[in-house]
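# Observations on the three-dimensional arrangement
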Number of protein chains: 2
Amino acid sequence: SSHLAVCGGTHGNELAGIYLVREMLKKRADGTEPVSVVTVMSNPRAAQLCVRYVETDLNRCFTRAALSAPVSETSPYEMIRSQELNALLGAQRSVDLLCDLHNTTANTGLCLITYSDRDWICLHICKHLKIHACIIYTPTHHSKTLFLSAMEIGPQPHGVVRSVIFSAMQEGVQLMMDWICQFNSGTLFEGGWVDVYTMVKNIDYPRDSETHMISAAVHPDLQDRDFCLLHPGDPMFLCFSGETLRYRGKEALYPFFINEGAYYEKGVALSLARKRRVQIPSVRSETLR
Amino acid sequence: SSHLAVCGGTHGNELAGIYLVREMLKKRADGTEPVSVVTVMSNPRAAQLCVRYVETDLNRCFTRAALSAPVSETSPYEMIRSQELNALLGAQRSVDLLCDLHNTTANTGLCLITYSDRDWICLHICKHLKIHACIIYTPTHHSKTLFLSAMEIGPQPHGVVRSVIFSAMQEGVQLMMDWICQFNSGTLFEGGWVDVYTMVKNIDYPRDSETHMISAAVHPDLQDRDFCLLHPGDPMFLCFSGETLRYRGKEALYPFFINEGAYYEKGVALSLARKRRVQIPSVRSETLR
């Protein structure tokens, strides 16, 4: 049967997942769970300090290259930690499905972020949770075992836990565990359709040509409108000087991660995606063995 | 005539004031301002790193004791910086009115925070901006020159700038400058009434008795309801385990700074205030000389 890992605190200031994992770790004592779940605090040092990361972004340390690089005591903490997690969840526990809990300042609601539109398990879970999937093709290959999906939820400021966000994440994780429990017991899950947003590109904030400082905020008409279609000519940024800048693309696309706080340093004001309805096949535990 | 200082970035991850000060510094080149304004980036190192502070909270370094303490190269950066600012704004420029720009994750709207309900200038500016004042009596005496008022606005995540918040702060600062300009030219400002919220106490998050970890989030019914009357028995926290905790005070009070991100480390989930309508006298420039 399939083993699930639930990880919180991959980013140490994303508190919904951190408090949810702490709560799950407390409850593990009674041992009555119907599903085999390993619960992990991914970056305990960053969580302790309530910062995204201590030395480098842990969520960028799960490439095959990073996981096989030689590390020493002087390596960045997160480089060492990613190899520890890979050993713990990949080699020792042979986890089949990993749910990495994240939250965002963007108004994304609840969604799963994954790396392939052929990941039927992940898309079936989206169907079960009545949420959509975001596909982000990354330039490097992620360790498949360790990064099946991220559960993303927003809006929530970093360093803050909002009760409704916590509860929605808690319910999402519970539904995911229910699905796996049913799957493991041989239930047939009928095929169907799932909305999938596939990332096309990132858009940076407008910047001063000399200082490279950000010179505009996301336009009020776009702020909080994640997954709402953005048409060519629609307002995109409002400069601090008062000028409106418009979306100059030729194709209407779906924005998401609009004004995510952690992406300022990465030069990303928002991402743009194409939406598709993906047909997923029926699955039953045996069919995948 | 009165001299104004506008300070942003006292907390380096409160971006509305940081971008507003940068914008004002750019515009200062034309020298056509009707009011003498000195614009200051209070904590440039923290702003550069997008953190609240580098070594210690600058906003707690303006006590008379801190401002007169001997400092050396090994002193915390913010201790040195507070004395630099005090010299710059207090001694050298003899600023009469200081507007320190802050933002909060709490849904406060725009308000002024000050330290006396007899500060007629500050309360007149509140009347002019059609906003209320919060009075926070601090245990230590602040340097009067340097801390006449903080302009606080929310909700906005730390490390994020939201266009509507930026614009509201920009308008607030402009109205404050207009008021001072009129005041300096001898305009009589009629007296009237201003809503004043005087802080009574802080409430911490519920915590696990052993680990001291936070065990509940602000209740959904209270979240974002800053300055809305909280009655005895009203829901206050929702535990991660599902239990609702209620406000057990005997007196209905007004909550503010509800679930402010930076106050987790200070053990403050919200503050409670009494509301009064304060009568302010008419003022004219000469009457205060």
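Thresholds applied
Residues numbered from 1 in each chain as written. Chains lettered and ligands numbered in written order. Predicted model: local features only at pLDDT ≥ 70, side-chain atom pairs only at ≥ 80, totals over all residues. Heavy atoms only, no water. UniProt positions renumbered as here; feature names shortened; annotations may be inferred. Helix = DSSP H or I, 4+ residues; strand = E, 2+ residues; numbered from the N terminus. Rg over C-alpha atoms; globule rule 2.2 N^0.38 Å. Buried < 20%, exposed > 50% of the residue type's maximum accessible area, 1.4 Å probe, protein only. Areas by Shrake-Rupley, 256 points an atom, 1.4 Å probe, with all protein chains shown as cover. Lys, Arg positive; Asp, Glu negative; His and termini not counted. Charge placed at Lys NZ, Arg CZ, Asp CG, Glu CD. Least-squares fit on C-alpha atoms with pLDDT ≥ 70 in both. Contact = heavy atoms within 4.5 Å. Buried area = accessible area lost by both parts, 1.4 Å probe. Salt bridge = Lys/Arg side-chain N within 4 Å of Asp/Glu carboxyl O. Polar contact = N/O pair within 3.5 Å; in protein donor to acceptor, adjacent residues only side chain to side chain. Nonpolar A, V, L, I, M, F, W, Y, C, P; charged D, E, K, R; others polar. Domains from an automatic or database assignment. Axes fitted to C-alpha atoms, helices over the stretch in contact; angles between N-to-C directions. Parallel < 35°, antiparallel > 145°, perpendicular 65-115°, else oblique. Left-handed = near helix turned anticlockwise from the far one by under 90°. Expected span 1.5 Å × (residues − 1). Patch = residues over 30% accessible without salt bridge, like charges linked within 9 Å, V, L, I, M, F, W, Y side chains within 5 Å. Pairing = 2+ DSSP bridges.

By the naming in an unreviewed UniProt entry, chain A goes by N-acyl-aromatic-L-amino acid amidohydrolase and is assigned to Sinocyclocheilus grahami. Its UniProt record gives chain A the following Sequence similarities (unreviewed entry) comment, quoted word for word: "Belongs to the AspA/AstE family. Aspartoacylase subfamily."

Below, the discussion takes up the overall build of chain A. Tallying secondary structure elements over chain A gives six helices and 12 strands in all. A globule of 289 residues ought to have a C-alpha radius of gyration of about 19 Å, and chain A, at 20 Å, matches this closely. In terms of principal-axis extent, the alpha carbons of chain A reach across some 60 × 50 × 35 Å. For chain A, the residues scored as buried account for 56% of the 289 residues in total. Carbon and sulfur atoms make up 50% of the accessible area of chain A, which totals about 12500 Å². Distance between charge centroids for chain A: 5 Å, based on 28 positive and 30 negative side chains.

With that settled, the discussion passes to the relation of the copies chain B and chain A. Relating one copy of the chain to the other takes a rotation about an axis and a shift parallel to that axis. With an RMSD of 0.0 Å, the fit of chain B onto chain A corresponds to turning through 180 degrees and sliding 0.0 Å along the axis. Here the transformation between the copies is reduced to the relation of a two-fold axis. Within chain B, the C-alpha atom positioned nearest to the axis of rotation is that of B:Pro157, 2.4 Å from it. Counting the interface residues of chain B, we find that 100% of their copies in chain A are interface residues as well, pointing to one common contact surface.

Contacts between chain B and chain A engage 30 residues on the former and 30 residues on the latter. Both sides together, the interface formed by chain B and chain A hides about 2500 Å², and carbon and sulfur atoms give 59% of it. At the boundary of chain B with chain A, the tally comes to two salt bridges. The shortest N-O distance in the salt bridge between B:Arg162 and A:Asp224 comes to 2.6 Å. At the boundary of chain B with chain A, the tally comes to six residue pairs in polar contact (both at pLDDT 80 or more). Secondary structure elements with two or more residues in the side of chain B that touches chain A: α1 (15–27), α6 (163–184) and β8 (216–218) of chain B. Its residues placed into classes, the side of chain B that touches chain A shows 15 nonpolar, nine polar and six charged.

All names here are of chain A. By the assigned domains, chain A splits into domain 1 (4–189) and domain 2 (199–273). The straight-line distance from the C-alpha centre of domain 1 to that of domain 2 is 27 Å. Across the contact, 17 residues belong to domain 1 and 14 residues belong to domain 2. Counting the surface lost from both domain 1 and domain 2, the interface buries some 1200 Å², and carbon and sulfur atoms represent 54% of this. A salt bridge links Lys266 to Asp57; its shortest N-O distance comes to 3.0 Å. Among the secondary structure elements, those contributing two or more residues to the side of domain 1 that touches domain 2 are β4 (109–114) and β5 (133–135). Split by residue class, the side of domain 1 that touches domain 2 holds seven nonpolar, six polar and four charged.

A pair of packed helices can be characterised by two numbers: the angle between their axes and the separation between those axes. Residue and element names in this part refer to chain A. Helix α6 (residues 163–184) packs onto helix α1 (residues 15–27) with a crossing angle of 55 degrees between their chain directions and a minimal axis gap of 9 Å. Judged by the inter-axis angle, α1 sits oblique to α6. As for the relative orientation of α1 and α6, their crossing is right-handed in sense. The residues of α6 that touch α1, namely those facing Ala16, Gly17, Tyr19, Leu20 and Met24, are Ile165, Phe166, Met169, Gln170, Val173 and Met177.

Turning next to the UniProt feature "domain: AstE/AspA barrel-sandwich hybrid" (unreviewed entry) in chain A. Here, UniProt's "domain: AstE/AspA barrel-sandwich hybrid" (unreviewed entry) annotation points to residues 194–275 of chain A. Split by type, residues 194–275 of chain A is 0% helix and 37% strand. Its first and last C-alpha atoms lie 10 Å apart.

Residues and elements named next belong to chain A. Helix length check: α1, at 13 residues, gives a terminal C-alpha distance of 18 Å against a target of 18 Å (1.5 Å per residue), a fit within 8%. Of the residues making up α1, those classed as buried are Leu15, Ala16, Gly17, Ile18, Tyr19, Leu20, Val21, Glu23 and Met24. Tucked into the core, α1 has its buried residues touching β1 (4–8), β2 (37–41), α2 (44–49), β3 (97–103) and α6.

All names here are of chain B. Its place among the elements puts Pro76 in the loop between α3 (64–68) and α4 (77–92). As for Pro76 and Glu55, which are separated by 21 residues in sequence, their C-alpha atoms are 5.6 Å apart. Setting aside anything within four residues of it in sequence, one finds Pro76 in contact with Glu55 and Thr56.

Attention now moves to the pattern of salt bridges. Residue and element names in this part refer to chain A. This structure, assessed with the given rule, holds 21 salt bridges over all chains. Of the charged contacts in the structure, one is a salt bridge between Asp195 and Arg277, with a shortest N-O distance of 3.1 Å. Taken together, the residues span a long stretch of sequence, with Asp195 in strand β7 (residues 192–203) and Arg277 in strand β12 (residues 270–280) at a distance of 82 residues. Residue classification places Asp195 among the partly exposed residues on the basis of a relative accessible area of 24%. Two residues, Arg274 and Glu251, come together in a salt bridge whose shortest N-O distance is 2.7 Å. Taken together, the positions of Arg274 in strand β12 and Glu251 in the loop between β10 (244–246) and β11 (254–256) put the pair 23 residues apart, joining distant regions of the chain.

On to a nonpolar patch on the surface. Residues and elements named next belong to chain B. Together, Leu49, Val51 and Val54 line one region of the surface with nonpolar side chains, adding up to about 220 Å² of accessible area. The residue Val54 is located in the loop between α2 (44–49) and α3 in this model. Accessibility expressed as a relative area gives 34% for Val54, which makes it partly exposed.

This part covers the pairing of strand β7 (residues 192–203) of chain B. All names here are of chain B. Pairing geometry for strand β5 (residues 133–135) and β7, over three bridges, is parallel. Among the inter-strand pairings, Cys134 is bridged to a residue of β7, identified as Tyr197. As paired strands, β7 and strand β12 (residues 270–280) are joined by 11 bridges and run antiparallel to one another. Pairing of Gly192 across the sheet is with Ile280, part of β12.

Here we come to helix α5 (residues 120–129) of chain B. In terms of burial, α5(B) is a largely internal element, seven of the 10 residues being buried. B:Lys130 occupies a position one or two residues after α5(B) and carries a positive phi of about 55 degrees.

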